[in-house]
Amino acid sequence: MLIIGIAGGTGCGKTTVVNQIINELPQGEVGIISQDSYYNDLSHLSYKERVNINFDHPQAIDFDLLGKHLTKLRQGKAIEQPVYSFTEHNRTKDTLLTHPRKVMIVEGILIMTNPAIRDMFDIKIYVHADSDERLIRRLKRDINERGRDLEEVLNRYQTTLKPMHDQFIEPTKEYADIIIPNNKYNTVAVDIVRTIINDKLG
Ligand code: UZR
Ligand code: MG
């Protein structure tokens, strides 16, 4: 099994890169694990309390569970991946049965901040986009898809997203084997990653 970690700040285009990588690969050989699934279970908190959680801090992530799941997958066992709700800001009661695949892609802003998790990746990729580009994408996504307004997104960006990015996320770039420049969608870089994966698969 090949475990690939894909990190990078919010709005850098991780999800797009992941989708492009798996698009051309044989179906059923690639599985995806999203960091979003591993936010801490916050069921003990009220909605109001959950909204105020810092979701861009490494402590928001249940790295223990993620580590256990990656270990199980490596052993060839299936896992019950938690399902997260962005509207509830909480783990749902559902889980997603996730089978081990030849290639497992783990994606998320904070996945390379944890040393134990980092060590489990065979290939570490950091997707870079400039902060203005990322802010524009984040604004569009939160307003169009997550029902937030301009003021709210800008506030959160200034008070939380930017400081957390600078303190925790950007520094993990130094652990990357490959850095993908992604201000514009980078087809060449995606082709290269796909070639590496195909090579390992073959
Ligand atoms: P990407 N996030 C939410 O908006 N709501 C939640 O309940 C949990 C997480 C956001 C999180 C982070 N920040 O910036 C983003 N907030 O998801 C990471 N607030 O996802 O890499 O796709 O941007
Ligand atoms: Mg994403």
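Residues numbered from 1 in each chain as written. Chains lettered and ligands numbered in written order. Predicted model: local features only at pLDDT ≥ 70, side-chain atom pairs only at ≥ 80, totals over all residues. Heavy atoms only, no water.

An unreviewed UniProt entry lists the protein chain under the name Uridine kinase, from Poritiphilus flavus. Entered under Sequence similarities (unreviewed entry) in the UniProt record, the comment concerning the protein chain runs "Belongs to the uridine kinase family." (UniProt positions renumbered as here; feature names shortened; annotations may be inferred.)

## With respect to the site of ligand 1
Inspection of the region around ligand 1 gives 16 residues, with T10, D56, Y84, H89 and R138 positioned closest. Between an oxygen atom of ligand 1 and a side-chain N or O atom of R138, the distance comes to 2.7 Å. Within the side chain of R156, an N or O atom sits 3.1 Å from a nitrogen atom of ligand 1. Here ligand 1, which alone exposes 500 Å², has 96% of that area covered by the protein. Cavity membership is defined here by more than half of the atoms lying within 2 Å of grid points; on that basis ligand 1 lies in the largest pocket. Of all the secondary structure elements, the ones that give two or more residues to the shell around ligand 1 are helix 5 (131-145) and helix 6 (150-169). Looking at side-chain class alone, the shell around ligand 1 contains six nonpolar, three polar and seven charged residues. (Near = heavy atom within 4 Å. Polar contact = N/O pair within 3.5 Å; in protein donor to acceptor, adjacent residues only side chain to side chain. Areas by Shrake-Rupley, 256 points an atom, 1.4 Å probe, with all protein chains shown as cover. 1 Å grid on protein atoms, 1.4 Å probe; cavity = no way out; pocket = protein on both sides within 12 Å on 5 of 7 lines; lining within 4 Å. Sits in = over half its atoms within 2 Å of the grid points. Helix = DSSP H or I, 4+ residues; strand = E, 2+ residues; numbered from the N terminus. Nonpolar A, V, L, I, M, F, W, Y, C, P; charged D, E, K, R; others polar.)

## Brief notes about empty space enclosed by the protein
Counted by the stated rule, this structure contains one cavity of 30 Å³ or more. Computed from the structure, the largest cavity encloses a volume of approximately 30 Å³. What lines the largest cavity is simply G9, C12, Y126, V127, H128, A129, R134, H165 and E170. Among the residues forming the lining of the largest cavity, the class breakdown is four nonpolar, three polar and two charged. (Points joined across faces, edges and corners; volume = space filled by probe spheres on them.)

## Some points on the sheet that holds strand 5 (residues 103-107)
Taken together, five strands build an open sheet; the order of strands is 2-5-1-6-7 and the sheet is parallel. A strand with exactly one partner marks an edge of an open sheet, and here the two such strands are strand 2 (30-34) and strand 7 (178-181). The average undirected angle you get between the axes of adjacent strands in this sheet is 20°. Relative to strand 5, strand 2 is paired through five bridges, and the arrangement is parallel. The partner of S34 across the bridge, within strand 5, is E107. The strands touched by helix 7 (residues 187-201) are strand 1 (2-7), strand 5, strand 6 (123-128) and strand 7; relative to strand 7, the strand with the most contacts, the crossing angle is about 145°. (Pairing = 2+ DSSP bridges. Axes fitted to C-alpha atoms, helices over the stretch in contact; angles between N-to-C directions. Contact = heavy atoms within 4.5 Å.)

## Focus: the nonpolar core
Membership of the largest hydrophobic core comes to 29 residues, with the highest contact counts inside it found for I33, L66, L70, V106, L110, M112 and F121. Breaking this core down by element, the ones donating at least two residues are strand 1, helix 3 (63-74), strand 3 (79-85), strand 5 and helix 6. By residue number, the principal contributor to this core is helix 3, which donates four residues. Residues contacting L110, with those up to four places away along its chain left out, are Q35, F55, D56, H57, P58, I61, F63, F168 and I169. (Core = buried A, V, L, I, M, F, W, Y, C linked by side-chain atoms within 4.5 Å. Buried < 20%, exposed > 50% of the residue type's maximum accessible area, 1.4 Å probe, protein only.)

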